[in-house]
Amino acid sequence: HGWSNTFFPSTTNKYRTMGTITEGVEFDTIAREWRCKWSPDSDKKSLAEAQKLLSSVVEEVKKVDGVKGVQRVVCGGCMDFKVITSVE
């Protein structure tokens, strides 16, 4: 997998120097989210496959310059599979 830094903000990204979006809304981390839907069909096979795919690339994603962390969130109600990558 040839991960590109185009997925993540560069060190010159305008948000890097911002600490407040509006009054009362401050931040120190920017995140990028990949969202997928999975199906309960075939004993949730699509969910299992999404997890296998993430597991196969997550260490490589963590090595991208500027990445602070990678989280996976699964919702059984809305059938979301989300990968949240926090960046500096």
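Fair warning: this is a prediction, and the values are worked out from it, not measured in the lab.

Rules used throughout
Residues numbered from 1 in each chain as written. Predicted model: local features only at pLDDT ≥ 70, side-chain atom pairs only at ≥ 80, totals over all residues. Heavy atoms only, no water. Pairing = 2+ DSSP bridges. Helix = DSSP H or I, 4+ residues; strand = E, 2+ residues; numbered from the N terminus. Axes fitted to C-alpha atoms, helices over the stretch in contact; angles between N-to-C directions. Contact = heavy atoms within 4.5 Å. Expected span 1.5 Å × (residues − 1). Bend = angle between axes of the 7 residues up to and from the residue. Buried < 20%, exposed > 50% of the residue type's maximum accessible area, 1.4 Å probe, protein only. pLDDT = per-residue confidence, 0-100.

### What about the sheet that holds strand E4 (residues 67-75)?
Taking strand neighbours across the sheet as the criterion, the 3 strands line up as E3-E5-E4 in an open arrangement whose pairing is antiparallel. The open sheet has two edge strands, strand E3 (30-37) and E4, and neither has a second partner. On average, adjacent strands in this sheet sit at an angle of 15° to one another, irrespective of strand direction. Packing against the sheet, helix H1 (residues 41-62) makes contact with E3, E4 and strand E5 (80-87), and its axis sits at approximately 175° to E4.

### Observations concerning H1
Every α-helical turn comprises 3.6 residues, leaving residues that sit three or four positions apart pointing alike. Between the first and last C-alpha of H1 there are 31 Å, a value that for 22 residues agrees with the 32 Å anticipated at 1.5 Å per step. Where H1 bends most, at serine 56, the angle is about 40°. Looking at H1, one finds that the buried residues are Leu47, Leu54, Val57, Val58 and Val61. Next to the buried residues of H1 lie E3, E4 and E5.

### Quick word on the confidence of the model for the protein chain
Averaged over the protein chain, the pLDDT score is 85; the fraction of residues at 70 or greater is 80%. The spread of mean pLDDT over the elements of the protein chain runs between strand E1 (residues 20-22), the lowest at 88, and H1, the highest at 97. Counted against residues more than four places away or in other chains, residues 1-12, with its pLDDT under 50, gives 21 contacts.

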